[in-house]
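# A closer look at the structure
Here is how the chains run, residue by residue.
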Amino acid sequence: MSCRDVRAMFSEYLDGELAPAHARFLARHLESCAACRAEFDALRCALEMMAALPRESSPDPIATRVRERLELEARKPAVRHLLRPGRPLLRPRFAPVAVAAFCLMALPILMVPVRPTVPAPAGALGFGSESRPLSLSSDVLAPRLTQSASLDDALAGAPADRSWFVETVVTRDGRVSAVRVLGGDAAYAAPLADALRQERFEPGRFQGRPVAVSLYRLISRTEVRAPST
Amino acid sequence: MAAGEFAIATVETLGAASAERSLLEQCRGGDAAAFARLVALHETMVFNLALRMLGNPDEARDVSQDVFLQVYRTLGRFEERSSLRTWIYRIVVNLCRNRRRLWMRRRRDRSVGLEDLSARDESRLAQGGDSPYDTVRRREQAERVQRALLALSFDHRAVLVLREVEGLTCEEIAHSLGIAEGTVKSRLARARDALRARLCAPEATR
Ligand SMILES: [Zn+2]
């Protein structure tokens, strides 16, 4: 195999998609060929620089702009038709309610600030690290709860029929680095998030190695019945 | 514990997929609050993808707004063959492509918004314990990467950003771009090589 053939495999090699025999061959070649090694290091350097691009936020909140625009379109049928020939934007029955609810919901959607408890060492390209947790899927083994949090105090006084939609980032060492309450009664969001940070897990795994995982959970109250004896 | 008391909270893990499905159902049922939640969940990723594709924060903000308006209007047509996320990525890429075409027609290169971006984000980029030197260095590096990205073709830039920044699998990228998975892999290899040539020539790293 020529150096050119070897370099053509770099991309798949980095993604771990190369057949084991090819991967071994490539690794051996890199040990003995300085030119290919330099090329490979350069490729890795470029991809790491790209992965290190900072996450930016919009000059002004997008949610607000979207809401205002929908509001405008709902209020002015003429404008609506100009903007959207053919299809009605909102069912008329729904429009005014929609706008009102959208405004109200601006408050209950809480983004509880991320509070990292573990420094994130930079992984190869950062996926599965605390700043880029993986979501559950068929190839990601879910974290298993080893120490549950007591939610009694946090939810004391909450009506029984309430539920909360929560995202929890479980780190590679089984701690909780972030909790975001994405939906549910805002009054309990902060104490609930604080309580959930006390949870500990057997970390999630991807291809056998521990990874940070984003868990989406619905938290609700259940009725506890005394034993019938 | 007394009978009938509400005392223990159950925690049900939904998995991203079923959480998403219930959110979608609520949105389709006309629940504006659910749609607001959908926007909040995807806002950062939409803005960042648009920003890396266009290189200009104001353009990226405008495209992001259009993306969610289009999501709102076409939710009924979304078929759950792919995830909501990859479907939204597809809309972002398409709208960015349209916007670029518009620029070409106007013969105006508005992709040079890097200075605005770096000035505004200087403070945000600063991290705890960083010296001003680190901050400047990080900003310069981000600018270099962004410039290199903008010098690539639109298609190369799209696969790179989806893969290296957003962390999509090749299968998800195939869904997002509406191309075959094999095409994604070969395009990704070429795009990575093009980026390497612009950012880290071997001579420079030795
Ligand atoms: Zn070689």
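Scroll up to find the structure.
Residues numbered from 1 in each chain as written. Chains lettered and ligands numbered in written order. Predicted model: local features only at pLDDT ≥ 70, side-chain atom pairs only at ≥ 80, totals over all residues. Heavy atoms only, no water.

Moving on, we come to the packing of aromatic side chains. For the coordinates displayed, the defined rule picks out 3 aromatic pairs over all chains. Residues B:Phe35 and B:Tyr72 carry aromatic rings whose centres are separated by 4.7 Å and whose planes lie at 75 degrees to one another, so their mutual orientation is edge-to-face. Placement of the pair is B:Phe35 in helix H2 (residues 32-54) and B:Tyr72 in helix H3 (residues 57-74), with a sequence separation of 37 residues. With a relative accessible area of 1%, B:Phe35 lands in the buried category. Given a relative accessible area of 15%, B:Tyr72 falls into the buried group. By way of ring pairs, the aromatic residues A:Phe10, A:Tyr13 and A:Phe40 are connected into one cluster. (Phe/Tyr/Trp six-rings, centres within 6.5 Å; stacked < 30°, edge-to-face > 60°. Helix = DSSP H or I, 4+ residues; strand = E, 2+ residues; numbered from the N terminus. Buried < 20%, exposed > 50% of the residue type's maximum accessible area, 1.4 Å probe, protein only.)

Looking now at helix H9 (residues 181-199) of chain B. Between its terminal C-alpha atoms H9(B) stretches 26 Å, which fits the 27 Å expected from 19 residues at 1.5 Å a residue. For H9(B), the full list of buried residues reads B:Val184, B:Arg187, B:Leu188, B:Ala191, B:Arg192, B:Leu195, B:Arg196 and B:Leu199. (Expected span 1.5 Å × (residues − 1).)

With that out of the way, let us pick up the side chain of B:Asn48. Structurally, B:Asn48 is set in helix H2. Not counting residues up to four positions away in its chain, the partners in contact with B:Asn48 are A:Pro54, A:Arg55, A:Glu56 and B:Glu166. (Contact = heavy atoms within 4.5 Å.)

Residues and elements named next belong to chain A. With distances of 2.1 to 2.4 Å, the protein atoms coordinating the zinc ion are Cys 3 (SG), His 29 (NE2), Cys 33 (SG) and Cys 36 (SG). Around the zinc ion sit 4 donor atoms; with metal-centred angles ranging over 102 to 113 degrees, the donor geometry is tetrahedral. Of note, the zinc ion draws all its donor residues from one chain, in the sequence arrangement C-x25-H-x3-C-x2-C. Here the two residues His 29 and Cys 33 agree in accessibility, since each one is buried. (Donors = N, O, S within 2.8 Å, 3.2 Å for Na, K, Ca; no water. Tetrahedral: all angles 85-135°; square planar, octahedral: opposite > 155°, others 65-115°.)

The next subject is the side chain of A:Ser58. When you line up the elements, A:Ser58 lands in the loop between helix H4 (34-51) and helix H5 (62-75). Residue classification places A:Ser58 among the buried positions, given a relative accessible area of 18%. At a separation of 2.6 Å, a polar atom in the side chain of A:Ser58 contacts the main-chain carbonyl oxygen of A:Asp60. Here A:Ser58 is in contact with B:Phe47 and B:Arg61, once residues within four sequence places are set aside. (Polar contact = N/O pair within 3.5 Å; in protein donor to acceptor, adjacent residues only side chain to side chain.)

Geometric descriptors of this kind do not, in isolation, establish any biological role.
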